[in-house]
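# Breakdown of the fold
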Amino acid sequence: MATGETGFKDITYDLVSVQYHALKAGHDYGQYVRDADNAGKKEIAQFFRDVMAQDSERAEQCHRFISELAAADDAGPAAR
């Protein structure tokens, strides 16, 4: 959502939100992988693994950005 939609201007809050959702989804995808594997759908299981890896990378990138912002003066109120 854009800043105007949430009412927040805090970039750190936004990054934490994206990170949370990426990690939560990654947790859920583990079950999806097991379901596809159990059904013998290897291609679909691999798709879920790929999506899980993308969310993991997204969460890691958020973590790096949050760390950078925490060291900066323009991080917003959530980083203070």
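It should be noted that the structure appears before, not after, this text.
Throughout, residues of each chain are indexed from 1 in the direction in which the sequence is written. Owing to the predicted nature of the model, reporting of local features is limited to residues with pLDDT of at least 70; listing and counting of side-chain atom pairs is limited to 80 or more, with chain, interface and lining totals taken over all residues. For the side-chain quantities, the full set of heavy atoms in the structure was used; hydrogens and water were omitted.

Below, the discussion takes up the packing of helix H2 (residues 11-38) against helix H3 (residues 42-71). Relative orientation of the contacting elements H2 and H3 amounts to 160°, with a least axis distance of 8 Å. With respect to H3, the element H2 is oriented roughly antiparallel. Crossing of H2 against H3: the hand is left-handed. In this count, Pro and Cys sit with the nonpolar residues alongside Ala, Val, Leu, Ile, Met, Phe, Trp and Tyr, while Asp, Glu, Lys and Arg are called charged and the others, Gly among them, polar. Residues that form the contact of H2 with H3 fall into these classes: 21 nonpolar, 5 polar and 5 charged. Between N-to-C directions, angles cover 0 to 180 degrees, with each direction set by a line fitted to C-alpha atoms, over the stretch in contact for helices. What counts as a helix is a DSSP run of H or I of at least four residues, what counts as a strand is a run of E of at least two, and both are numbered from the N terminus. For this classification, under 35 degrees means roughly parallel, over 145 means roughly antiparallel, 65 to 115 means roughly perpendicular, and everything else is oblique. The hand of a helix crossing depends on one turn: near helix anticlockwise from the far one by less than a right angle means left-handed, and clockwise means right-handed.

This paragraph deals with H3. Taking 1.5 Å per residue as the helical rise, H3 with its 30 residues ought to reach 44 Å, and the 44 Å between its terminal C-alpha atoms agrees with that figure. All of the buried residues in H3 are Ala 45, Val 51, Asp 55, Ala 59, Cys 62, Ile 66 and Leu 69. When checking whether two residues touch, look at their non-hydrogen atoms; a contact exists if any pair is within 4.5 Å. Each element contacted by the buried residues of H3 is listed here: H2. One less than the number of residues in a helix, times 1.5 Å, gives the span that helix is expected to have. Classification of residues uses two cut-offs on accessible area relative to the type maximum, computed with a 1.4 Å probe and protein chains only: under 20% is buried, over 50% is exposed, and between them is partly exposed.

As a further point, take the side chain of Gln 19. For Gln 19, the position within the fold is in helix H2. Take Gln 19: its relative accessible area is 17%, and that puts it in the buried class. With residues up to four places along the chain from it excluded, the contact list for Gln 19 reads Ala 59, Cys 62, His 63 and Ile 66.

Here we take up the packing of aromatic side chains. The criterion for an aromatic pair is that two Phe, Tyr or Trp rings (for Trp, the six-membered ring) have centres within 6.5 Å, with stacked assigned to planes under 30 degrees apart, edge-to-face to planes over 60 apart and tilted to the rest. Within this structure, the stated rule accounts for 3 aromatic pairs. With a centroid separation of 5.5 Å and an interplanar angle of 55°, the aromatic rings of Phe 47 and Phe 48 are classed as tilted. By relative accessible area, Phe 47 is classed as partly exposed at 49%. Connected via pairs of aromatic rings, a cluster forms that spans Tyr 29, Tyr 32, Phe 47 and Phe 48.

Let us look at H2. The terminal C-alpha atoms of H2, which comprises 28 residues, lie 41 Å apart, in line with the 40 Å expected from a rise of 1.5 Å per residue. By the burial criterion, the buried members of H2 are Thr 12, Leu 15, Gln 19, Ala 22, Ala 25, Gly 26, Tyr 29, Gly 30, Val 33 and Ala 36. Next to the buried residues of H2 lie H3. As used in this structure description, the phrase polar contact means that two N or O atoms lie within 3.5 Å; if the pair is within protein, one of them must be able to donate a hydrogen and the other to accept it, and residues adjacent in sequence are counted only when both atoms belong to side chains. The residue sitting at the N-terminus of H2 and contributing the capping side-chain oxygen is Asp 10; that oxygen lies 2.9 Å from the backbone nitrogen of Thr 12.

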